[in-house]
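This is what each chain is made of:
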Amino acid sequence: MATLSRPIAKVGGLESTGGSASPSLLTRMRGWLAAWLPAIPLLLLVSTCLIAPVVVLIWQSFTGMGESGLSLDLWFKVLGQHVNQDAIFTSLVLAVGCSTITLVVGAPLAWMISRMLRGSRAFWLGLLNVAANFGGIGLAFAYMATIGTVGMLTLIVQGLGIAFDAPREGSMPALLVAYEYTNIPLFVLLTIPAMSILREDWWEAAQVAAATRLVFWRRIGGPILAPFLAAGWLLIFTWTLGIYGIAYGLAGQSGATAVHLITLQIGSALQSDVLLGPGRAAILAVVLMVFATTSLVLYRTMLRRALRWL
Amino acid sequence: MSGVSLVGVTKMYGHVKALDHVSIDVCEGELLALLGPSGCGKTTLLRCVAGLELPDKGTVEIGTIDVTAVPTRDRPIGMVFQSYALFPNMTVRQNIAFPLEVRHRPRTEVKTRVDELLELVNLTEQANRYPKQISGGQAQRCALGRALAPNPEVLLLDEPLSALDALVRGRLRDEIRRIQQRVGITAIYVTHDQSEAMAIADRVAVMNDGRVEQIAAPADLYDLPATQFSATFVGSRNAVELAVREGRVGIPGSFHIAAPEGSNGHALAFFRPEDVQISRGQTGDGMRARVELKIFLGPTTRLHLVGEDDGRPIAIFGDMASRQARLIEEGETVRVHVDPDHVQAFPILKAGQRGS
Amino acid sequence: MAVNIRRPAARDHGASRLARNLFFGAALFYFCVPMVAVLIYSFSTRWTANVLPDGYTLQWWQATISDHRIQSAFSTSISLATLTALIDIAVVVPAAYWSRVRNARIRPVVEVAAAIPFALPYVVIAFGLMQFSGVVAPQFQGTFPLLVAGHAAIAFPFVYWAVDGAMAAAGIERLSETAEACGASPFQIIRRVVVPNISSGLVTGGLLSFAASFGEFAMAQIIGRGLDTVPLWSAEMIRSYTDTAGSYNRLAVVTLLTFAVLFVLSAVVVYWNRGQTVRLLPGAAATDEGGRR
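Note that the structure is a prediction, hence the values are computed from the model and not measured.

## A look at the interface of chain C and chain A
Turning to step 1, where the next piece is worked out: Listed as interface residues are 105 residues of chain C and, on the opposing side, 108 residues of chain A.
Turning to step 2, where the next piece is worked out: Roughly 9,600 Å² is buried in total at the junction of chain C and chain A, and carbon and sulfur atoms are behind 75% of that figure.
Turning to step 3, where the next piece is worked out: Where chain C meets chain A, there are 0 salt bridges.
Turning to step 4, where the next piece is worked out: Inspection of the chain C/chain A interface yields 11 residue pairs in polar contact (both at pLDDT 80 or more).
Turning to step 5, where the next piece is worked out: With 17 residues, the single largest contributor to the side of chain C that touches chain A is helix α1 (residues 14-43) of chain C.

Below you can see the structure in the form of structure tokens.
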């Protein structure tokens, strides 16, 4: 343990030492321990609380509850139900809509904040950080208090004599507005570092080369930032698919008329699904997992592309 | 081609005067170096010519046209940045073609011109590489090609070599000079490196605190710095504080010259190490000085010498040919002469006055 | 290097400045109005028909703050979040340190693991964790320790990114080599060299994981049955369909308190990072360092 900073390559080199079995096994064990010991608590936490649960879910989606043997029966049953198809479709539409709006509003916001002086930058970062962390039930309630059926803004607008019907709490537009409250700040905070990649002297060099601002954005700024923004879009897409608390709070207000979302279906299947039980939840969870993983793989591709010039 | 003339250019940043009534004329086809320490305003001045900064007062003319209010993109300039500022999403070829494409030149013309420039800056082989894939020296040559592409009237270079390592720096410096002379373009070259300025420029403008201290050809600047600042900043010099006696200053036995005007008891004498003559032996003329340290510099060896004047120690550097210096030991006492023709003296300014 | 005092190119024309101010004004409005609405709600007697409430009262604040159930929900949530943050720091720092100075193969493993909570919705992880614990340790279901473990697992990436970033910025490899050359023991190195140099990362990561745990609802609902955290209490209130016995007003008070907690945390984080961004595009380490240079 005394040689902390020995070259890293040596640690892995122990495998090649041949010799008699027992001492080499012991050495190998000790070498392995020395290389991994400090990471073991973290790896334990991750494998029991993240990896094992995922494996169990996938397993259960194929075996069903209590049934024996692998089968796709449950999958056919669940995916055949109209309510589940509806939930998957609505979740995807909501996620695409949400992340697109986020991109359109968030990208210029991130750009402007990244070019601010330190004081106002810190102010906005603080504000966005609060908003990005403010989600779940609290946000659902804040939405109701603001533009719910008897929300403050609703009352003010109606008080001005304008005929305004607030969207029902559990409806798609309501969810969109509420989700954006955390999504836009999240997107801005995630893309500001990328914005600082655009250097001031590129703009200056473009000016010297007789380019207008439009030409600069079309030929230089746009192409460089595009993959970062696409990566941000994918991240928000994934994130939106998985939002539960806000939807739970808002959908509860609209009862049966609320939209169907995958996450809400998982939650309700857990609480009160006599017919298919947690098996349905498991399958919906795996569906969500597939979307999320695909999106994450695309996200990585985008990032690699974003970094190829830098 | 045309020259550049700056008249009374002043630029404030809050309360800091970055440029203080600067007036400079750059002749046609000339390379003028702006030399000074960091924060002296040289880059700001260059950026005023480029239009990236707007002067608060004064005018900038390119040729005979007043461009003070003309936006950067309409000025007939090319510029090379310290950080290269190559567009990372374009290849070398595309970078050089960019200013031509922006100006909507016909495709065939662009191709011919870019090929010509690739040849000029010697990047034909790297034409299809991205900035990430080429070395710093190649990147700066590419930036030079991009700056020259639209045939600008003035080339502006903002510390183009300072991000490069020493070997590449020397080579690229000569190459920039060669290209500038071949194209015959008027150029302004900002640097904080005096040897670079001397090597490349037709004339050097020494700047300090937002003002121009002196404009002169490199050789004149080297021999006869006009101000105390120029004397300290250009070349390595001995700066020795001496008492004024009967209107003269000097080191007894070494030199005496007339005291500078306005000196008040003491004066600062400047002379170069190579103008210090060192002789061995105890007897004869010259100030007696002890050799404290010998530093081998290749062809010459620098001696750190400590002599005495009126009981006060005087420390000076002297250079001598290395072959002779081998005979001198550290700790030995030698005799020191200074050629009075190469000594310049300036009055000592009180603290707070400019120029110290 | 001619480092001039240069302002960011601020040569705006009136129109574009106006557009920008409008844009930021709208953003500010959007982010602040819900808070104002909740604030007014928490002070109002009845508010269903008019632009402003019918009357104002402090009774909800008094009732809420003296409510034992709410007090215990807050204390549960705070201890949950504190434990989560501490556990995350305790497991992440050694792993991150070791991956830098000794075994580089730790890094890809941890980075993949750190992507899981970002990719998989908390509902999914929570449900999986419930099923898994049902298989291996049913006695833990619905208990506080299981929820702590779950929260630690989903919040650890915040700590990892912050700490790893701070280690990169401090050049911890070189510092640790230097300290070793000075004869320091591994324990001394961690305590006197590593920790002081990554303090901003520790604070940032710790506070972010605290915030993540404090506001987390899905996992608390699914595996924390029988517990009473602030989000669980809020969910119960918001689902009490009709506004009876001022449950919405008390929810307003609790929402504001939650908000205040987040606000303080954010202020500290932003202060510690001196106005730099806190979150990174996960997996884009090169981006971040490129930006800093």
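So, next bit.
## Considerations on the sheet that holds strand β17 (residues 300-309) of chain B
Residues and elements named next belong to chain B.
Turning to step 1, where the next piece is worked out: The antiparallel open sheet is built from 5 strands, whose spatial order is β15-β19-β16-β17-β18. Looking along the sheet, the strands with just one partner apiece sit at the ends: β15 (276-279) and β18 (312-321). Neighbour to neighbour, the strand axes of the sheet diverge by 40° on average, direction disregarded.
Turning to step 2, where the next piece is worked out: Pairing of β15 with strand β19 (residues 333-338) involves 4 bridges; the strand directions are antiparallel.

## Looking at helix α4 (residues 73-80) of chain A
Residue and element names in this part refer to chain A.
Turning to step 1, where the next piece is worked out: All of the buried residues in α4 are Leu74, Trp75 and Val78. For α4, the buried positions fall inside an angular range of 100° around the axis, keeping them on one side.
Turning to step 2, where the next piece is worked out: For α4, the secondary structure elements touched by its buried residues are α3 (40-63), α5 (82-114) and α14 (278-307).

## Examining unusual backbone geometry
All names here are of chain B.
Turning to step 1, where the next piece is worked out: In this structure, His21 takes a positive phi of about 45° despite not being glycine.
Turning to step 2, where the next piece is worked out: Mapped onto the elements, His21 comes out in strand β2 (residues 16-26).
Turning to step 3, where the next piece is worked out: Residue class for His21 comes out partly exposed when judged on its relative accessible area of 47%.
Turning to step 4, where the next piece is worked out: Within the chain, Glu246 stands out as a residue other than glycine whose phi angle is a positive 50°.
Turning to step 5, where the next piece is worked out: Topologically, Glu246 is positioned in the loop between β11 (238-243) and β12 (248-251).
Turning to step 6, where the next piece is worked out: A relative accessible area of 82% places Glu246 in the exposed class.

## Let's talk about empty space enclosed by the protein
Turning to step 1, where the next piece is worked out: The full count for this structure, using the stated rule, is 4 cavities of 30 Å³ or more.
Turning to step 2, where the next piece is worked out: The computed volume of the largest cavity comes to approximately 720 Å³.
Turning to step 3, where the next piece is worked out: Lining the largest cavity are 40 residues, and of these Gly135, Gly136 and Trp239 of chain A together with Tyr122 and Gly215 of chain C lie nearest its centre.
Turning to step 4, where the next piece is worked out: Of the residues assigned to the lining of the largest cavity, the class counts are 26 nonpolar, 12 polar and 2 charged.
Turning to step 5, where the next piece is worked out: Ala205, Val208 and Ala209 of chain A together with Ile77, Gly78, Met79, Phe81, Pro99, Arg146, Ala147 and Pro150 of chain B together form the lining of the second largest cavity.
Turning to step 6, where the next piece is worked out: Among the secondary structure elements, those contributing two or more residues to the lining of the second largest cavity are α10 (200-208) of chain A together with β6 (77-80) and α4 (136-148) of chain B.
Turning to step 7, where the next piece is worked out: If one sorts the elements of the lining of the second largest cavity by residue count, β6 of chain B sits on top with 3 residues.
Turning to step 8, where the next piece is worked out: Per-class residue counts for the lining of the second largest cavity are 9 nonpolar, 1 polar and 1 charged.

## Quick notes on the side chain of Ser234 of chain C
Turning to step 1, where the next piece is worked out: For Ser234 of chain C, the location among the structural elements is in helix α11 (residues 230-238).
Turning to step 2, where the next piece is worked out: The exposure class assigned to Ser234 of chain C is buried, which follows from its relative accessible area of 6%.
Turning to step 3, where the next piece is worked out: Not counting the four nearest positions on each side in its chain, Ser234 of chain C is found in contact with Ile137 of chain A together with Leu251 and Val254 of chain C.

## Re the environment of Ile58 of chain A
Turning to step 1, where the next piece is worked out: Here Ile58 of chain A is to be found in helix α3.
Turning to step 2, where the next piece is worked out: You can call Ile58 of chain A partly exposed: its relative accessible area is 34%.

## Some points on the domain arrangement of chain A
Residues and elements named next belong to chain A.
Turning to step 1, where the next piece is worked out: What the domain assignment lists for chain A is domain 1 (25-71) and domain 2 (80-309).
Turning to step 2, where the next piece is worked out: Computed from C-alpha coordinates alone, the two centres of domain 1 and domain 2 are separated by 32 Å.
Turning to step 3, where the next piece is worked out: Interface area for domain 1 against domain 2, summed over the two sides, is near 520 Å², with a carbon-plus-sulfur share of 89%.
Turning to step 4, where the next piece is worked out: Along the contact surface separating domain 1 from domain 2 lie 0 salt bridges.

## Let's talk about the packing of aromatic side chains
To describe a pair of aromatic rings, you give the distance between the ring centres and the angle between the ring planes.
Turning to step 1, where the next piece is worked out: Counting across every chain of the model gives 30 aromatic pairs over all chains.
Turning to step 2, where the next piece is worked out: Centroid distance Trp32 of chain A to Trp36 of chain A: 6.3 Å. Interplanar angle 25°. Geometry classified as stacked. Residue Trp32 of chain A and its partner Trp36 of chain A are located together in helix α2 (residues 21-36), separated by 4 residues, close to a single helical turn.
Turning to step 3, where the next piece is worked out: For Trp32 of chain A, a relative accessible area of 48% puts it in the partly exposed group.
Turning to step 4, where the next piece is worked out: Taking the relative accessible area as the measure of exposure, Trp36 of chain A reaches 12% and is therefore buried.
Turning to step 5, where the next piece is worked out: Both rings, one in Tyr181 of chain A and one in Tyr30 of chain C, keep their centres 5.7 Å apart while their planes meet at 50°; by these two values the pair is tilted. Pair noted here: Tyr181 of chain A is in helix α9 (residues 172-195) and Tyr30 of chain C is in helix α1, and the two residues belong to different chains.
Turning to step 6, where the next piece is worked out: Overall, Tyr30 of chain C belongs to the partly exposed group, its relative accessible area being 26%.
Turning to step 7, where the next piece is worked out: One aromatic cluster in this structure is built from Phe134 and Tyr181 of chain A together with Tyr30, Phe31 and Phe259 of chain C.
Turning to step 8, where the next piece is worked out: Lying across the ring of Trp309 of chain A, Arg308 of chain A places its NZ or CZ 4.0 Å from the centre.
Turning to step 9, where the next piece is worked out: We note Arg146 of chain B situated over the ring of Phe87 of chain B; from NZ or CZ to the ring centre the distance is 4.6 Å.

So, how was this worked out
Residues numbered from 1 in each chain as written. Chains lettered and ligands numbered in written order. Predicted model: local features only at pLDDT ≥ 70, side-chain atom pairs only at ≥ 80, totals over all residues. Heavy atoms only, no water. Contact = heavy atoms within 4.5 Å. Buried area = accessible area lost by both parts, 1.4 Å probe. Salt bridge = Lys/Arg side-chain N within 4 Å of Asp/Glu carboxyl O. Polar contact = N/O pair within 3.5 Å; in protein donor to acceptor, adjacent residues only side chain to side chain. Helix = DSSP H or I, 4+ residues; strand = E, 2+ residues; numbered from the N terminus. Pairing = 2+ DSSP bridges. Axes fitted to C-alpha atoms, helices over the stretch in contact; angles between N-to-C directions. Buried < 20%, exposed > 50% of the residue type's maximum accessible area, 1.4 Å probe, protein only. Arc of directions from axis to C-beta. 1 Å grid on protein atoms, 1.4 Å probe; cavity = no way out; pocket = protein on both sides within 12 Å on 5 of 7 lines; lining within 4 Å. Points joined across faces, edges and corners; volume = space filled by probe spheres on them. Nonpolar A, V, L, I, M, F, W, Y, C, P; charged D, E, K, R; others polar. Domains from an automatic or database assignment. Phe/Tyr/Trp six-rings, centres within 6.5 Å; stacked < 30°, edge-to-face > 60°. Lys NZ or Arg CZ within 6 Å of the ring centre and 35° of its normal.

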